[in-house]
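Listed here are the chains, written in short residue letters.
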Amino acid sequence: MALLRRYALPVVLIVVALLFPLWNSFLEETVDVNLMYPVIVITVYIMLALGLNIVVGFAGLLDLGFVAFYALGAYVVAWLASGHFRQVSVAFGTTATSITGEEVPGIHLSFWLVLVLAGAFTALCGVIIGAPTLRLRGDYLAIVTLGFGEIIPRFFQNGDDLGGFNLTNGTIGIKAIDSPGFPFLPDSLSAWQRFGTLELYPWFYTILVMVLVTIYVNVRLQDSRLGRAWISVREDETAAAAMGINPVTTKLWAYALGATFGGFAGAFYGAFIKNVFPTSFSFNVSIFILLMVVLGGMGNIYGVILGAIVLQGTNFFLLPQIKTWVNSIGEAVGNQALATVDIPKYSFFIFGIMLVLMMLFRPEGIIPNRQRAEELHDETGSGDAMGGAIRA
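Parameters at a glance
Residues numbered from 1 in each chain as written. Predicted model: local features only at pLDDT ≥ 70, side-chain atom pairs only at ≥ 80, totals over all residues. Heavy atoms only, no water. Helix = DSSP H or I, 4+ residues; strand = E, 2+ residues; numbered from the N terminus. Rg over C-alpha atoms; globule rule 2.2 N^0.38 Å. Buried < 20%, exposed > 50% of the residue type's maximum accessible area, 1.4 Å probe, protein only. Contact = heavy atoms within 4.5 Å. Salt bridge = Lys/Arg side-chain N within 4 Å of Asp/Glu carboxyl O. Expected span 1.5 Å × (residues − 1). Core = buried A, V, L, I, M, F, W, Y, C linked by side-chain atoms within 4.5 Å. Axes fitted to C-alpha atoms, helices over the stretch in contact; angles between N-to-C directions. Parallel < 35°, antiparallel > 145°, perpendicular 65-115°, else oblique. Left-handed = near helix turned anticlockwise from the far one by under 90°. Nonpolar A, V, L, I, M, F, W, Y, C, P; charged D, E, K, R; others polar. Phe/Tyr/Trp six-rings, centres within 6.5 Å; stacked < 30°, edge-to-face > 60°.

Trainee: Which parts of the structure should I look at to understand the overall build of the protein chain?
Mentor: Helix and strand counts for the protein chain stand at 16 helices and five strands. A compact globule built from 392 residues should have a C-alpha radius of gyration of about 21 Å, and the protein chain, at 23 Å, falls within 12% of that. Along the three orthogonal principal directions, the C-alpha set of the protein chain runs to about 75 × 65 × 50 Å. Burial statistics for the protein chain: of 392 residues in total, 46% are counted as buried. Sequence-distant contacts, at least 24 apart, represent 70% of the contacts inside the protein chain between residues at least 6 apart.

Right, here's the structure in full:
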């Protein structure tokens, strides 16, 4: 019975995800609504939120620059699967072809190989950045990660002239990124030979598998020796060090693993939209991902997934629908301000209000981690330290 309770929710979620394309096809045929694109983007953000949850939820490190790893992963796929470096011509397992039959200029590696390289590269960057900075604590660490998250996009924005070498193409960005695919498959599976821009089901199943792997790794890490070390460092770093845990190494593992999943998500998203621009990786994205983790419940894997779905679902569906309702009311009553107001324009203001309300009424998140819920609430509801001590 305990085993059934433990695996019932994951099995239900997997079944719902696998059946979503059938439901989307029904909606497309009946009401001419295609939800595949927004659902793919939401799933990418679920992966990002799960990666940040390792850093913030498990290890208790306030990371305000997680978007940097997202950007690094996207630029890795832009460098290794496009014609940006036209001075060379390298191809391996790629779906890119030339109309004239000549060699395609640029570096064109298989997306699946580039995906692994993106994860490894972002993990290495996480170690390089984290090694000297993770000795800091609290607000000081948050400030350093904030600076890192601002430096990387600015570097990409100004990386079109590094001593005469064009690394990032500046604000123009890198375009025409190769699509994933399996070129060796028969023609009957043409949609999987090279992922197209209209047939989105291969993209959906690819990111779904990536998210399922991310969830599996998160679950295994949470119950592992390393996961318990993260919790110890999060609760009391001094006590953890006294028990023989190396806080810097432990936090570095969290930073590197979180960066890895950020790189995976960035590589997929870069290939999906086929264009990478530095303006796509602003500080707002870091805050948005952090909101997902806090809103859903820091440290709770399924809470983080729900937080990502709620925020991105609100961003994609609810706010545009509210805009339509408000504009209709404004037209009906003859109010020009209501008839023309653009509700999605104030999305971050609305998300800020949501976060403030959550902090006031349910600070542990929608689906709280048990330990964090106990820290924030005692039996009498006062939430003070004395109540926690009595309960212990």
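Trainee: Looking at this structure, how should I read the pattern of salt bridges?
Mentor: Side chains that differ in charge, positive against negative, can pair when their charged atoms come close. Scanning the model with the defined rule gives four salt bridges in all. Here Arg234 makes a salt bridge to Glu235, at a shortest N to O gap of 2.8 Å. Residue Glu235 is classed as partly exposed on the basis of its relative accessible area of 40%.

Trainee: Looking at this structure, how should I read the environment of Phe184?
Mentor: With respect to the helices and strands, Phe184 occurs in the loop between β4 (174–175) and α6 (190–193). Residues Phe184 and Thr95 lie 89 residues apart in sequence; the distance between their C-alpha atoms is 9.9 Å.

Trainee: Could you clarify how one ought to interpret unusual backbone geometry in this entry?
Mentor: Most peptide bonds take the trans form, and the phi angle of most residues other than glycine is negative. Of note, the phi angle at Asn169 is positive, near 65 degrees, even though the residue is not glycine. Within the secondary structure layout, Asn169 lies in the loop between α5 (138–157) and β4. The phi angle at Lys274 is positive, at roughly 65 degrees, despite the residue not being glycine. Here Lys274 lies in the loop between α10 (247–273) and β5 (275–276).

Trainee: Would you explain helix α4 (residues 111–133) in this entry?
Mentor: Every α-helix carries 3.6 residues per turn, so stepping three or four residues along brings you back to the same face. The end-to-end C-alpha distance of α4, which contains 23 residues, comes to 32 Å, matching closely the 33 Å that a straight helix rising 1.5 Å per residue would cover. For α4, the complete set of buried residues consists of Phe111, Val114, Leu115, Ala118, Gly119, Thr122, Ala123, Cys125, Gly126, Gly130 and Thr133. Of the surrounding secondary structure, the elements contacted by the buried residues of α4 are α3 (67–80), β3 (106–109), α5, α7 (201–222) and α10.

Trainee: Please explain the nonpolar core as it appears in this structure.
Mentor: In summary, soluble globular proteins display a tendency toward joint burial of nonpolar side chains. In this structure, Ile40 and Phe268 are the most contacted members of the largest nonpolar core, which totals 98 residues. Counting residues per element, this core draws most heavily on helix α2 (residues 36–58), which supplies 17 residues. When neighbours within four sequence positions are excluded, Ile40 is seen to be in contact with Leu200, Trp203, Phe204, Ile207, Phe268 and Phe272.

Trainee: Hey, could you run me through the packing of α2 against α10 in this one?
Mentor: The axes of two packed helices give the description: the angle between them and the distance between them. Put simply, α2 and α10 touch, their axes get as near as 7 Å, and they point 165 degrees apart. Judged by the angle between their axes, α2 and α10 are roughly antiparallel. You can see that α2 and α10 cross each other, and the crossing is left-handed. Facing Tyr37, Ile40, Val41, Val44, Met47, Leu48, Gly51, Ile54 and Val55 of α2, the residues of α10 in contact are Ala254, Tyr255, Leu257, Gly258, Phe261, Gly262, Phe264, Ala265, Phe268, Tyr269 and Phe272. Split into classes, the residues belonging to the contact of α2 with α10 amount to 17 nonpolar, three polar and no charged.

Trainee: Explain the side chain of Thr314 here, please?
Mentor: The topology assignment puts Thr314 in helix α12 (residues 301–333). Accessibility expressed as a relative area gives 9% for Thr314, which makes it buried. The residues touching Thr314, leaving out its near neighbours within four places in the chain, are Ile309, Leu319, Pro320 and Phe351.

Trainee: Sorry, what's going on with the packing of aromatic side chains here?
Mentor: Note on aromatic pairs: each is described by the distance of the centres and the angle between the planes. As enumerated under the stated definition, the model contains 32 aromatic pairs in all. When the centroid spacing of 5.9 Å and the interplanar angle of 40 degrees are considered together, the rings of Tyr70 and Tyr269 count as tilted. With Tyr70 in helix α3 and Tyr269 in helix α10, this pair connects stretches of sequence that are 199 residues apart. Judged on exposure class, the residue Tyr70 and its partner Tyr269 are both buried. Look at Phe268 and Phe272: their rings are 6.0 Å apart centre to centre, the planes differ by 15 degrees, and that puts the pair in the stacked class. A residue pair is termed a helical-turn pair when its members lie 3 or 4 positions apart in one helix, as Phe268 and Phe272 do in helix α10 at four residues. The burial state of Phe268 is the same as that of Phe272; both residues are buried. Grouped by ring-pair contacts, the aromatic residues Tyr45, Tyr70, Tyr75, Trp79, Phe155, Phe156, Tyr269, Phe281, Phe288, Phe348 and Phe351 constitute a single cluster.

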